[in-house]
Amino acid sequence: VQLQASGGGLVQPRGSLRLSCAASGSKFNIGTMGWYRQAPGKQRELVATITRGGSTNYADSVKGRLTISRDNAKNTVYLQMNSLKPEDTAVYYCNANIPSTRALYWGQGTQVTVSS
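The paragraphs below set out a description of the structure included in this document. Note that this is a predicted model, so its numbers are computed, not measured.

With that settled, the discussion passes to the sheet that holds strand 7 (residues 66-71). In spatial order, the strands read 1-3-8-7; together these four strands make up an open sheet with antiparallel pairing. The open sheet has two free edges, formed respectively by strand 1 (2-6) and strand 7, since each of these has just one partner strand. When strand polarity is set aside, the average angle formed by the axes of neighbouring strands in this sheet is 15 degrees. In the sheet, strand 1 pairs with strand 3 (residues 17-24) via five bridges, with the strands oriented antiparallel. Across the sheet, residue Q4 finds its bridge partner in strand 3, namely A22.

For the coordinates displayed, the defined rule picks out one disulfide. Paired by a disulfide, C21 and C94 hold their sulfur atoms 2.0 Å apart. When the S-S torsion is 60 degrees, as for the bridge of C21 with C94, the disulfide is right-handed. Residue C21 is found in strand 3, and its partner C94 is found in strand 9 (residues 90-98); the two are separated by 73 residues along the sequence. We classify C21 as buried; its relative accessible area is 0%. For C94, a relative accessible area of 0% gives the class buried.

Another aspect to go through is the side chain of T110. Secondary-structure assignment places T110 in strand 11 (residues 110-114). A relative accessible area of 11% places T110 in the buried class. Here the side chain of T110 touches G8 through a polar contact of 3.2 Å, landing on its backbone nitrogen. If sequence neighbours within four positions are ignored, T110 has contacts with A5, S6, G7, G8, L19, A90, V91 and Y92.

Calculation criteria
Residues numbered from 1 in each chain as written. Predicted model: local features only at pLDDT ≥ 70, side-chain atom pairs only at ≥ 80, totals over all residues. Heavy atoms only, no water. Pairing = 2+ DSSP bridges. Helix = DSSP H or I, 4+ residues; strand = E, 2+ residues; numbered from the N terminus. Axes fitted to C-alpha atoms, helices over the stretch in contact; angles between N-to-C directions. Disulfide = S-S within 2.5 Å. Buried < 20%, exposed > 50% of the residue type's maximum accessible area, 1.4 Å probe, protein only. Polar contact = N/O pair within 3.5 Å; in protein donor to acceptor, adjacent residues only side chain to side chain. Contact = heavy atoms within 4.5 Å.

Structure, rendered in structure tokens:
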């Protein structure tokens, strides 16, 4: 299974970006998908997760600004990022869980930089 993340870039504070992550190569249904991020010198942290049925979970620091969604037909998860702050600057990683195989896969990461 491969995950391909895209959509990162440089944006000014209070700007918006939309990240996408497409999964390919799975013979089984994909379960929970998520976004994590890692800032320089910090540990990777949870941003948001979404189950196959659409239930979501968010880190407190992003609630109300970032929205996770998915398209099961396309095996793709999205992260709509609004009202971005400099502290949102990080490499953003997506992941996907395959319940049938108990495997967890990670994408390669996409850089998001929030700066004026």
